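# Residue-level structural notes
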Amino acid sequence: MAALGWLTPRRRSATARSVLAGEASAEAARKTARPDAPPHAAPTAPEAPETASGTGTDTAETAAEPAFPVPGDDLAAAFFDLDNTVMQGAAIFHFGRGLYKREFFRRRELARFAWQQAWFRLAGVEDPDHMQDARDSALSIVKGHKVSELMAIGEEIYDEYMAERIWPGTRALAQAHLDAGQKVWLVTAAPVETATIIARRLGLTGALGTVAESVDGIYTGRLVGEPLHGPAKAEAVRALAAAEDLDLARCAAYSDSHNDIPMLSLVGHPYAINPDTKLRKHARAHDWRLRDYRTGRKAVKVGVPAAAGVGAIAGGAAAAIALHRRRK
């Protein structure tokens, strides 16, 4: 299979598994959504947008733009990618650190995850056998655990590792949609439980995330469909919009990654936030708006590569290895 770096989202069509993953995520999101998220004061005012042509905010074009989001438009909503869009780094990475601290990992599991992490980083190849192995290994960590247990741990991990990593600028953008009376959803490959915790802590409506199968509140070690990544994200947004009677042409979506071009292309107001090189190029070519809240040179993106994101917890392996070495 082609290396991930050469594979553009436009050549990756939705499969039956990605549709299933999207529909399952939309159903889970609606079950846990807050009916009326109360307004919260935004940490900072939104930074002025950088236009797709790279000009500043004093241009006539920017000044003439109508107000957005439109207050009272209940057919519109906003969809925010999580990793490096709303939060610095990857939620999976931080969640993995928290699980390691609580001794969810054994030495043998660390070694296996480290090898898988190295494979994806060095080879950069979406090999089906390796991807399936990564999924199985990661899901084996939570298999047999209660959903309520992981939710409780997730609350602690948010306070320990995630709360201080929220981008104030992106948070302000989300708040603008809330203040306009619109629903705001996170959309991420992270487990839906983790994403829901983050959304609730930020006062957002809810979250679309990867759904791990559970029976009677116990994880089975299987996914519903596939990880919510690439085309699956677009399918989740499409399914949620249909269920919520939203007009996607009036909705907005925000992401840092070219892998989310399928999701961004669904809406009438796509935004590239802290964009990677491919997304920045695509956004400029299609006249999408850009915002960058990083300082100095391009920020280092901590976490797992897109291919490794298929494991619900595997991203924590790198952090776990680093922490283990520091303690030796």
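The structure we're discussing is the one just above.
The paragraphs below set out a description of the structure included in this document. Bear in mind that the values here come from a model prediction, so they are computed numbers and not experimental data.

## With respect to the sheet that holds strand 2 (residues 183–191)
Remark on secondary structure: sheet strands pair via backbone hydrogen bonds, oriented parallel or antiparallel. An order of 3-2-1-6-7-8 is seen for the six strands of this open sheet, with the pairing classed as parallel. Two strands lie at the open edges of the sheet, namely strand 3 (206–210) and strand 8 (289–291), each paired on one side alone. Between one strand and the next, the sheet's axes are offset by a mean angle of 20°, whatever the strand orientation. The strands touched by helix 1 (residues 16–32) are strand 2 and strand 3; relative to strand 3, the strand with the most contacts, the crossing angle is about 150°. Contacts between helix 11 (residues 277–285) and the sheet are confined to strand 6 (252–255), strand 7 (269–273) and strand 8, with strand 8 contributing the most and set at about 145° to the helix.

## Details of helix 11
Three- or four-residue spacings in an α-helix give side chains the same orientation, since the helix completes a turn every 3.6 residues. For helix 11, every residue scored as buried is listed here: Leu279, His282 and Ala283. Here the buried residues of helix 11 occupy an arc of 100° about the axis, which is enough to place them on one side. Exposed residues on helix 11 whose side chains face more than 90 degrees from its buried face are Thr277, Lys281 and Ala285. Turning to helix 11, the residues buried within the fold contact strand 6, helix 10 (261–264), strand 7 and strand 8. Note on helix 11: the residue one or two positions beyond its end, Asp287, has a positive phi of about 60°.

## Digging into the environment of Leu204
Following the sequence through the fold, Leu204 ends up in the loop between helix 8 (192–201) and strand 3. Look at Leu204 and you get buried, because its relative accessible area is 3%. In this structure, the C-alpha to C-alpha distance between Leu204 and Arg171, residues 33 residues apart in sequence, is 9.8 Å.

## Digging into the packing of helix 1 against helix 9 (residues 231–243)
Helix 9 packs onto helix 1 with a crossing angle of 45° between their chain directions and a minimal axis gap of 7 Å. Looking at the two axes, helix 1 sits oblique to helix 9. Seen along the crossing, helix 1 lies across helix 9 with a hand that is right-handed. Facing helix 1, whose interface residues are Ser18, Val19, Ala21, Gly22, Glu23, Ser25, Ala26 and Arg30, helix 9 presents Ala232, Glu235, Ala236, Ala239, Leu240 and Ala243. Per-class residue counts for the contact of helix 1 with helix 9 are eight nonpolar, three polar and three charged.

## Overview of the pairing of strand 3
With respect to burial, strand 3 is a largely interior element, five of its five residues being buried. As judged from the four bridges shared by strand 2 and strand 3, these two strands associate in the parallel manner. Its bridge partner lying in strand 3, Trp185 is registered against Gly206. Once you follow strand 2 into helix 8 and on to strand 3, the crossover reads as right-handed.

## Description of unusual backbone geometry
The phi angle at Asn274 is positive, at roughly 45°, despite the residue not being glycine. By the secondary structure assignment, Asn274 is in the loop between strand 7 and helix 11. Since its relative accessible area comes to 1%, Asn274 is described here as buried. Phi at Asp287 is positive, roughly 60°, even though this residue is not glycine. Looking at where Asp287 falls in the secondary structure, it is placed in the loop between helix 11 and strand 8. Residue class for Asp287 comes out exposed when judged on its relative accessible area of 56%.

## Let's talk about the pattern of salt bridges
Applying the stated criterion to the full structure yields 16 salt bridges. Between Asp73 and Arg250 there is a salt bridge; the shortest N-O distance is 3.0 Å. Taken as a pair, Asp73 in the loop between helix 2 (60–64) and strand 1 (77–81) and Arg250 in the loop between helix 9 and strand 6 lie far apart in primary sequence, 177 residues in all. Across the salt bridge formed by Glu244 and Lys183, the nearest N and O atoms sit 2.8 Å from each other.

## Some words on the environment of Trp167
If you trace the backbone, Trp167 turns up in the loop between helix 6 (147–162) and helix 7 (168–179). As a C-alpha pair, Trp167 and Val86 span 81 residues in sequence and 5.5 Å in three-dimensional space. With residues up to four places along the chain from it excluded, the contact list for Trp167 reads Asn84, Thr85, Val86, Met87, Gln88, Asn274, Tyr293 and Arg294.

## What to know about the nonpolar core
Counting residues in each nonpolar core, the largest one holds 42 residues, and the members touching the most others are Phe80, Met162, Leu186, Ile198, Leu204 and Tyr254. It is helix 6 that provides the largest number of residues to this core, a total of seven residues. If sequence neighbours within four positions are ignored, Tyr254 has contacts with Phe68, Ala78, Phe79, Phe80, Asp81, Thr85, Leu173, His177, Met263, Leu264, Tyr271 and Ile273. Counting residues in each nonpolar core, the second largest holds 29 residues, with Ala236, Leu279, Trp288 and Leu290 among its members.

Analysis parameters
- Residues numbered from 1 in each chain as written.
- Predicted model: local features only at pLDDT ≥ 70, side-chain atom pairs only at ≥ 80, totals over all residues.
- Heavy atoms only, no water.
- Pairing = 2+ DSSP bridges.
- Helix = DSSP H or I, 4+ residues; strand = E, 2+ residues; numbered from the N terminus.
- Axes fitted to C-alpha atoms, helices over the stretch in contact; angles between N-to-C directions.
- Contact = heavy atoms within 4.5 Å.
- Buried < 20%, exposed > 50% of the residue type's maximum accessible area, 1.4 Å probe, protein only.
- Arc of directions from axis to C-beta.
- Parallel < 35°, antiparallel > 145°, perpendicular 65-115°, else oblique.
- Left-handed = near helix turned anticlockwise from the far one by under 90°.
- Nonpolar A, V, L, I, M, F, W, Y, C, P; charged D, E, K, R; others polar.
- Right-handed = clockwise from strand over helix to strand, strands pointing away.
- Salt bridge = Lys/Arg side-chain N within 4 Å of Asp/Glu carboxyl O.
- Core = buried A, V, L, I, M, F, W, Y, C linked by side-chain atoms within 4.5 Å.

These values are about where atoms sit, not about what they do.
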